[in-house]
Amino acid sequence: MKWNLRWVAARQDIWRPTDLLAAFRRVGFNPSLSKVSALWGGTPVTVRLEDLDLICQALGCTVADLLEAEPAAAAAAEEGETRAVAGGERAPGPVRPVPRGDGPRRLQPPN
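Here the structure is a predicted model, which is why all the values come from computation and not from measurement.

## Re the packing of aromatic side chains
For step 1, the next point in the chain: Counted under the stated rule, the structure contains 1 aromatic pair.
For step 2, the next point in the chain: With centroids separated by 5.0 Å and ring planes inclined at 55°, the aromatic side chains of Phe-24 and Phe-29 adopt a geometry described as tilted. An identical accessibility class is assigned to Phe-24 and Phe-29; each is buried.

Laid out in structure tokens, this is it:
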């Protein structure tokens with residue numbers, strides 16, 4: 001997912017996290033400035049649905065404006081990436097560990 005908060009805020013002539021905080025407070029959403037700065041500066045891992053609703057209300061947008069699906073990333077994950085392996089060959093899909101053929105490694109006591 002692509003987080004478009006800055007783009008949506010720019011359309012409302014909001015250019016700084018402090019301006020965004022003021023817009024949030026006008027609709028009754030009172031996060032801390034550090035939380036607003038985190039939303040402003042990067043893609044959040046999680047956003048509460050109630051917060052998302054208030055963000056959209058403050059910016060006059062929809063959830064689809066804030067969150068945009070990235071089909072290229074989804075298609076690459078489904079197809080499986082080709083990765084380099086030892087010897088310069090290419091391996092399709094994710095690389096998985098191979099168990100040892102001679103059983104588990106046992107530590108020997110020092111002599």
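## Observations regarding the nonpolar core
A general feature of soluble globular proteins is that nonpolar side chains tend to end up buried together.
For step 1, the next point in the chain: In terms of nonpolar packing, the biggest core is built from 20 residues, with Leu-5, Ile-14, Leu-20, Phe-24, Ile-55, Leu-59 and Leu-66 touching the most fellow members.
For step 2, the next point in the chain: Looking at this core, the element that brings in the most residues is helix H4 (residues 49-59), giving 5 residues.
For step 3, the next point in the chain: Every residue in contact with Ile-55, bar those within four places of it in the chain, is listed here: Leu-5, Phe-24, Phe-29, Leu-39 and Leu-66.

## Topic: helix H2 (residues 17-26)
For step 1, the next point in the chain: Within H2, burial applies to Leu-20, Leu-21, Ala-23 and Phe-24. Each buried residue of H2 sits inside an arc of 160° when the element is viewed along its axis, so together they form one side.
For step 2, the next point in the chain: Structurally, H2 contributes buried residues whose contacts are with helix H1 (5-11), helix H3 (33-41) and H4.
For step 3, the next point in the chain: Looking at the residues trailing H2, positive phi occurs at Gly-28, about 90°.

## Points about H3
For step 1, the next point in the chain: Buried within H3 are the following residues: Val-36, Leu-39 and Trp-40. Buried residues of H3, viewed axially, fall in a sector of 100°; they line one side. For H3, exposure combined with an orientation more than 90 degrees from the buried face picks out Ser-34, Ala-38 and Gly-41.
For step 2, the next point in the chain: Elements in contact with the buried residues of H3: strand S1 (2-3), H1, H2 and H4.

## Some remarks on the side chain of Asp-51
For step 1, the next point in the chain: Assignment of secondary structure puts Asp-51 in helix H4.
For step 2, the next point in the chain: Looking at Asp-51, the relative accessible area reads 7%, which means it is buried.
For step 3, the next point in the chain: Contacts of Asp-51, omitting those with residues within four sequence positions, involve Phe-29 and Lys-35.

Conventions adopted
Residues numbered from 1 in each chain as written. Predicted model: local features only at pLDDT ≥ 70, side-chain atom pairs only at ≥ 80, totals over all residues. Heavy atoms only, no water. Phe/Tyr/Trp six-rings, centres within 6.5 Å; stacked < 30°, edge-to-face > 60°. Buried < 20%, exposed > 50% of the residue type's maximum accessible area, 1.4 Å probe, protein only. Core = buried A, V, L, I, M, F, W, Y, C linked by side-chain atoms within 4.5 Å. Helix = DSSP H or I, 4+ residues; strand = E, 2+ residues; numbered from the N terminus. Contact = heavy atoms within 4.5 Å. Arc of directions from axis to C-beta.

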